[in-house]
Structure formats: C-alpha cells, structure tokens
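Architecture at a glance
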Amino acid sequence: MLRASLREVSAALKEGRVTPTELCQKCLSLIKSTKFLNAYITVAEETALKQAEESEKRYGRGQPLGVLDGIPVAVKDNFNAAGIETTCASKMLKGYISPYNATVVQKLLDQGAVLLGKTNLDEFAMGSGSTDGIFGPVRNPWSYSRQYKEKSVPKSHSQEDEESNWVITGGSSGGSAAAVSSFTCFAALGSDTGGSTRNPAAHCGVVGLKPTYGLISRHGLIPLVNSMDVPGILTRCVDDAAVVLGTLAGHDPKDSTTIQDNFKPFDLPNLTDVSKLSIGIPKEYHAPGLSSEILSLWSKAADLFKNAGAKVIEVSLPHTRYSIVCYHVLCTAEVASNMARFDGLEYGHRSDMNKSTESMYAATRREGFNDVVRGRILSGNYFLLKQNYENYFIKAQKVRRLIANDFVKVFGSGVDILLTPTTLSDAVPYMEFIKEDNRTRSAQDDILTQAANMAGLPAINVPTGLSERGLPVGLQFIGQSFQEKQLLTVAKWFEKQVKFPMIQLEVKRHDHGAFQHQKSASFS
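Model, not experiment: these values are computed from the prediction. The residue numbering used here restarts from 1 in each chain and proceeds along that chain's sequence as written. Where local features are concerned, this predicted model is filtered to residues with pLDDT of at least 70; where side-chain atom pairs are given and counted, the filter is 80 or more; whole-chain, interface and lining totals use all residues. Derived side-chain values reflect all non-hydrogen atoms in the structure, with water molecules and hydrogen atoms excluded from consideration.

**Notes on the overall build of the protein chain**
Applicable threshold: Going along the chain from the N terminus, every DSSP run of H or I of four or more residues is numbered as a helix, and every run of E of two or more is numbered as a strand. Classification of residues uses two cut-offs on accessible area relative to the type maximum, computed with a 1.4 Å probe and protein chains only: under 20% is buried, over 50% is exposed, and between them is partly exposed. Contacts are residue-level and defined by heavy atoms, with any inter-residue pair within 4.5 Å sufficient. Throughout, the Shrake-Rupley method with a 1.4 Å probe supplies accessible areas, and for residues the shown protein chains are the sole cover considered. Note that His is not counted, nor are the chain ends; the positive residues are Lys and Arg, and the negative ones are Asp and Glu. Charge positions are represented by NZ for Lys, CZ for Arg, CG for Asp and CD for Glu.
Counting its secondary structure elements, the protein chain contains 18 helices and 12 strands. Within the protein chain, the proportion of its 524 residues that are buried is 61%. Excluding contacts between residues fewer than 6 apart, the proportion of contacts in the protein chain whose partners are at least 24 apart in sequence is 79%. When the accessible surface of the protein chain is split by element, carbon and sulfur atoms take 51% of a total near 20,300 Å². In the protein chain, 57 side chains carry a positive charge and 54 a negative one; their mean positions are 2 Å apart.

**Observations regarding the state of the cysteines**
Rules: When the sulfur atoms of two cysteines come within 2.5 Å, that pair is taken as a disulfide.
Enumeration according to the criterion identifies zero disulfides in this entry. Take Cys-27: it sits in no disulfide, and the sulfur closest to it among the cysteines is that of Cys-24, at 7.0 Å. Judged by its relative accessible area of 0%, Cys-27 is buried. No disulfide involves Cys-204; its sulfur sits 12 Å from the nearest other cysteine sulfur, which is in Cys-185.

**Details of helix 18 (residues 484-498)**
Rules: The length a helix should cover is 1.5 Å for every residue beyond the first.
Helix length check: helix 18 (15 residues) gives 21 Å between terminal C-alpha atoms against 21 Å at 1.5 Å per residue, within 8%. Immediately beyond the C-terminal end of helix 18, within one or two residues, lies Lys-499, with a positive phi of roughly 45°.

**Description of the environment of Gly-470**
Structurally, Gly-470 is set in the loop between strand 10 (459-466) and strand 11 (472-478). Sequence separation of Gly-470 and Leu-378 is 92 residues, and the distance between their C-alpha atoms is 40 Å. In this structure, Gly-470 is in contact with Trp-142, Gln-147, Tyr-148 and Lys-151, ignoring residues within four places of it in sequence.

**What to know about the packing of aromatic side chains**
The line we're drawing: Between rings of Phe, Tyr and Trp, where Trp is taken as its six-membered ring, a pair exists when centres lie within 6.5 Å; planes separated by under 30 degrees are stacked, by over 60 edge-to-face, and by other angles tilted.
For the coordinates displayed, the defined rule picks out 17 aromatic pairs. Look at Phe-36 and Tyr-144: their rings are 4.8 Å apart centre to centre, the planes differ by 80°, and that puts the pair in the edge-to-face class. Of this pair, Phe-36 sits in the loop between helix 2 (20-33) and strand 1 (40-43) while Tyr-144 sits in the loop between strand 3 (114-119) and helix 5 (146-151), and the two are 108 residues apart along the sequence.

**Some thoughts on the pattern of salt bridges**
Cut-off, in case you're wondering: By salt bridge we mean one thing: a side-chain nitrogen of Lys or Arg within 4 Å of a carboxyl oxygen of Asp or Glu.
Counted under the stated rule, the structure contains 16 salt bridges. With its nearest N and O atoms 3.8 Å apart, the salt bridge here joins Asp-273 to Lys-276. Judged by its relative accessible area of 41%, Asp-273 is partly exposed. Judged by its relative accessible area of 72%, Lys-276 falls in the exposed class. Overlapping salt bridges, with partners in common, bring together Arg-146, Lys-149 and Glu-506 in one network.

**Some thoughts on the nonpolar core**
Within soluble globular proteins, side chains that are nonpolar tend to cluster in buried spots. Quick note on the threshold: Within this scheme, the nonpolar core is defined by two criteria: the residues are buried Ala, Val, Leu, Ile, Met, Phe, Trp, Tyr or Cys, and they are joined through side-chain atoms within 4.5 Å.
The biggest cluster of nonpolar side chains holds 158 residues, and the ones touching the most others in it are Leu-116, Phe-124, Ile-279, Phe-305, Phe-407, Ile-460 and Phe-477. In this view, Ile-279 contacts Phe-305, Ala-310, Lys-311, Val-312, Ile-313, Val-415, Ile-417, Leu-419 and Val-490; residues no more than four positions away in its chain are not counted.

**Considering the side chain of Asp-343**
Put simply, the rule reads: Pairing of N or O atoms within 3.5 Å defines a polar contact, subject to two protein rules: one partner must be a possible hydrogen donor and the other a possible acceptor, and residues neighboring in sequence count only if both atoms are side-chain atoms.
Its place among the elements puts Asp-343 in the loop between helix 11 (320-338) and helix 12 (357-368). Despite its burial, Asp-343 pairs with no opposite charge; the closest candidate is Arg-365, at 7.2 Å N-O. At a separation of 2.9 Å, a polar atom in the side chain of Asp-343 contacts the main-chain amide nitrogen of Leu-345. If we skip the residues at most four places from it in the chain, Asp-343 touches Met-360, Tyr-361 and Thr-364.

**Overview of the environment of Gly-129**
Note that Gly-129 resides in the loop between strand 3 and helix 5. According to the relative accessible area criterion, Gly-129 is buried, its value standing at 0%. C-alpha of Gly-129 to C-alpha of Glu-432: the two residues are 303 residues apart in sequence and 11 Å apart in space.

**Description of unusual backbone geometry**
Following Gly-171, the chain continues into Ser-172 via a peptide bond in cis, with omega recorded as 10°. Within the secondary structure, Ser-172 sits in the loop between helix 6 (159-165) and helix 7 (174-181). Here the phi dihedral of Phe-482 falls at roughly 60°; this positive angle occurs in a residue that is not glycine. Mapped onto the elements of the fold, Phe-482 is located in the loop between strand 11 and helix 18. The residue Lys-499 is not glycine, and still its phi comes out positive at about 45°. Along the chain, the position of Lys-499 falls in the loop between helix 18 and strand 12 (519-520).

**Let's talk about the confidence of the model for the protein chain**
This is how it is decided: On a range of 0 to 100, pLDDT expresses the predictor's confidence in each residue.
Scored by pLDDT, the protein chain comes out at a mean of 94, with 95% of its residues at no less than 70. Scored below 50 in pLDDT, residues 511-516 makes 13 contacts in the model with residues more than four places away or belonging to other chains.

**Describing the packing of helix 11 against helix 13 (residues 371-383)**
For any two helices packed against each other, one specifies the crossing angle of their axes together with the interaxial distance. Test applied: Each axis is a line fitted through C-alpha atoms, and for a helix only the stretch in contact is used; angles between axes span 0 to 180 degrees, taken between their N-to-C directions. The cut-offs work like this: below 35 degrees is roughly parallel, past 145 is roughly antiparallel, 65 to 115 is roughly perpendicular, and the gaps in between are oblique. Classes in brief: Ala, Val, Leu, Ile, Met, Phe, Trp, Tyr, Cys and Pro nonpolar; Asp, Glu, Lys and Arg charged; the others, Gly included, polar.
Between helix 11 and helix 13, the least distance of the axes is 7 Å, while the angle of their chain directions is 105°. When the axis of helix 11 is compared with that of helix 13, the two are roughly perpendicular. Contacts between helix 11 and helix 13 involve His-328, Val-329, Cys-331, Thr-332, Ala-333, Val-335 and Ala-336 from the first element and Arg-376, Ile-377, Ser-379, Gly-380, Asn-381 and Phe-383 from the second. Split by residue class, the contact of helix 11 with helix 13 holds seven nonpolar, five polar and one charged.

**Side note on the side chain of Ser-467**
Along the chain, Ser-467 turns up in the loop between strand 10 and strand 11. When neighbours within four sequence positions are excluded, Ser-467 is seen to be in contact with Lys-151, Glu-293, Asp-426 and Val-473.

**Description of the packing of helix 2 against helix 3 (residues 45-60)**
Where we set the bar: Here a crossing is taken to be left-handed if its near helix is turned anticlockwise relative to the far helix by less than a right angle, and right-handed if that turn runs clockwise.
Where helix 2 meets helix 3, the axes come as close as 8 Å, and the angle between the chain directions of the two elements is 155°. If you check the angle between helix 2 and helix 3, you find them roughly antiparallel. The two elements helix 2 and helix 3 meet at a crossing, and its hand is right-handed. Counting all contacts with helix 2, which are made through Pro-20, Thr-21, Cys-24, Gln-25, Leu-28 and Lys-32, the residues of helix 3 involved are Glu-45, Ala-48, Leu-49, Ala-52, Glu-53, Ser-55, Glu-56 and Tyr-59. By residue class, the composition of the contact of helix 2 with helix 3 is seven nonpolar, three polar and four charged.

**Some thoughts on helix 3**
The α-helix advances 3.6 residues per turn, and as a result positions three or four apart in sequence lie on the same side. Heads up, the rule is: Picture the helix axis, draw a direction to every C-beta atom, and the arc is the one those directions span.
Under the 1.5 Å per step criterion, the end-to-end length of helix 3 is 22 Å for 16 residues, consistent within 8% with the ideal 22 Å. Residues Thr-47, Ala-48, Gln-51, Ala-52, Ser-55, Arg-58 and Tyr-59 constitute the buried set of helix 3. Buried residues of helix 3, seen end-on, are gathered within an arc of 135° and therefore sit on one face of the element. The outward face of helix 3, more than 90 degrees from its buried face, is lined by the exposed residues Lys-50 and Gly-60. Those residues of helix 3 that are buried are in contact with helix 1 (6-15), helix 2, helix 4 (103-110) and strand 3. Residue Gly-62 follows helix 3 closely and has a positive phi angle near 75°.

Printed below as a string of structure tokens:
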C-alpha cells in the first residue's frame, strides 16, 4: 500500500481496504526504521495520529474532504507549521515554534492530509546536497537499494563499506526527496529557489515540480530569495504532482505576488498523439562537466519524442552562460536583506553577550548562522554597497531580464516544451561531495536548473533511468508560464514511456548512533 499512488490510496481509503490510522501508523513505523536516512528533523507522531483519527471519522460518515483526505505528507522545515518547531536546520531558529501555518500547509490540512513531520535541509535552504544543516546530512535511500549495492558496493558488504559509500540526496530539499523516495510519505513539500526541489528529485528518483512563480503562495515559507522562491512538490509520479498542485495553487491575499485568477484543478489526460508537439533542445545546456551517461540519456529522450512523431529542434538560449554569475549576485543580495530579521531580539537564538545591543547582534548572528549563511550575507552586502550597487546588482537585474527574454523568444517561435538534463551527474558519495565548499558545489549543481527560477517558469524533473552505478538520473522539462497542464501532460507521457524502476530498498537495522536528534512534536 505504501508504494501505491495518491489516487490508488485514496480509492483504497474510500473502499475501506485500509483506514487513515493504519496508513499513518505504517508510515510512522517506516520513518522509525529508516531513521538512519536522517530525512526528518521533527516527527509529529501524536498530531498525525489525531489527524488520521479525524479523517477516519469523515470516511466513516462517507464525507471525505477530497483525494488528499487521510494521505500522509511531509513538509520541508522552512515552512511554518503551527505548534511544530520550524528550524530551517539552523541554530538560529532551533526551538522556534510558529504561531501560524504557511498557506500551503494550511491548504493541505484543509483537504484532510495527515502531516507526519518536518524534513531536513541545508541550513536556511542554502546548498545543493542537504549536508550543511545542524542536524547532519541526509542520506540518499538509493545508497541502501539493491540496485546500487549490486553495482557499486564492494562484494564484502561490510558495515564500513556501506558507511563510506552512501551518496547524497542533493538539495536543499533533500529530506523531502528522501522521505518520498523511501515510502515514508506519499507527497512532500520542498522549496525551489535555484533548483532545490528538482535537484534532489533527480538524485532520489522522484518527481520534483517547480511551479510558475506566483502560482502557489509563499506566505509562511521562510524566504531565501523572494523574487525566485517557489514552493515545490515532490511525489512518486507525475499524476500525484498534479493532484497536489490542484490543492495548493491559486490566489492568496497574504501573498501579493500570487495570481489574481482562480486556479482550476485539472486531471491529466493520457496523451496518445505527440505529433503536434514541438520539443526544444537548448544547446547551451550541454554544459561543461555534463556526464556522458546523462548526455546519452538526454539524446535517447529526444529520439523517443522524435520517433513518436513530435518535432524536436535545437534551440539557443544565448544568455544561459551568464546565468549562474547573475544568480549568485541576486541570490546573495536578497539573502543579505532577508537574513537581517534574525537579530536575536524577537525570536530564535539570542546570544548571552550583553555588553551592548550591537555586540549582542553580532554575537547572535555569529553563533546562530553557519559559515555558508554568513558568507552569503557578506557577499550580498558587498554587492549592495553604494559604490557597487550599479555595477553588480543593477547589472545582474538587466542580465536576468535578458535570460527571461531568451525563453520568451524560444517559446514565441513555436516551441512548446524544453527538454534538458536536471543534474550534471548522478549522486556523488558524501565523502567526495564535502571535499569542495558549498559555494563551488552550488554553482555547479544549480547550473541546469536556476535559469527557470530567474525566468519564473514551471519546470519538472522526471526520473528517467539508472546510471551505471545503479543510481537515479532525471531529465527536466521546462514549460511556458502558467502552462502547468501542458507541462505535466508531456511529463506524464514521457514517464509512461521510460518506465523508471521502483527502488528496492533494503531496510536493515542501521543504528549508527550518528543522528539521534529526531524529535517528536505535537500541536499545542
């Protein structure tokens, strides 16, 4: 049952083949047995069981609230959830309990979803490995899959081999991707600023949707880069992503950047004829460092569309090569502004330093933020200095407009969807990943994903195949603004053609004692 799709589980709940409480207990039990993955920061067991009980009563009356009623979900720990700790995996917010729900969390609860807990991430979502939070790194469930072990782990299968061979989830929404991939929940929320939903989705073999900017409310999402942040959706199939999108999308009076029009949820049609489709292959996405395996998979995917009758054409997005530098300037500038609120006065960590207000501010921020966050704050403030503002920030805004215009031109020329790789390679082992610093890694890992954020376009990662090491590889589809239905319909067709294998997760007792922070919580 835990491996079924949302709609299948919803049907089983309606028919009484399983109850919401049984489903919730199964997921909670699996969270405990996969604790070594470190996917969750907080598990809201008591609350989840209460919510499942309420759902059971509604099913008993024959009045479920919708497809998501009784479905266990998880939320990245940078979304506020009333009565549950929201930490952003940082010392700065350790112990902070939000008095309100983020709009997306409220919408899930309004539909009867059962919130299992909050998932792990890079501190304040700054990173591409989910390795830089104070609660320790997230382990990719595929590290413990039969597929990976058969191809990569030395035959001795000793505990030491397994310990040194585990691979990262990608980030920064690695906890949510690992939670969905390991069957502990049916859907999870991530956030996506430069690829933070699609990157871990690719590495963990799940679907990761970044909707159009403004389609889903950001209210209650602790901001990283206001002009690019979007709540992301992680599920095990494209249909499930469409179901969750239907629940979350639409205008929110608490977020002035959301669309004004009402959003109509949609069922995805089964596409049989792709002959009217025009698929664009951007030549600039053949980036330095792109592995030969992913290049080959990308070519095969293009051939798949071509052989099915679609028009496949090479297109150019000429300003792509400037996008990562432009993204770095804009991202750090907005980070510097957003992080100013964490001063130790109103909420979160507060230093014991009491010589003066200024010394308390400085000590609080030094103690509360890690090197990565402090580094981005310093960079951002440098770019925003009066003498640098024109040369860096304003210039980057102009380049961002050129990048967005590249997409407008390509879509204006008759292209429906762009097909690109999501990541440069499959997931790397943790020990290898940490050899390079966060900034270098993020610049490499965001290269194929962040342009969609700068242009505000919808994009989705679809798991496509396994690498030679037995790890997932995904491809990215980028759609036109607010054309999620078309994007998801094409993604669903592609998903059906590639038949991505299900993870064969081997859960043993991995009690390494490394991650004992996982907390229980309940709504106050």
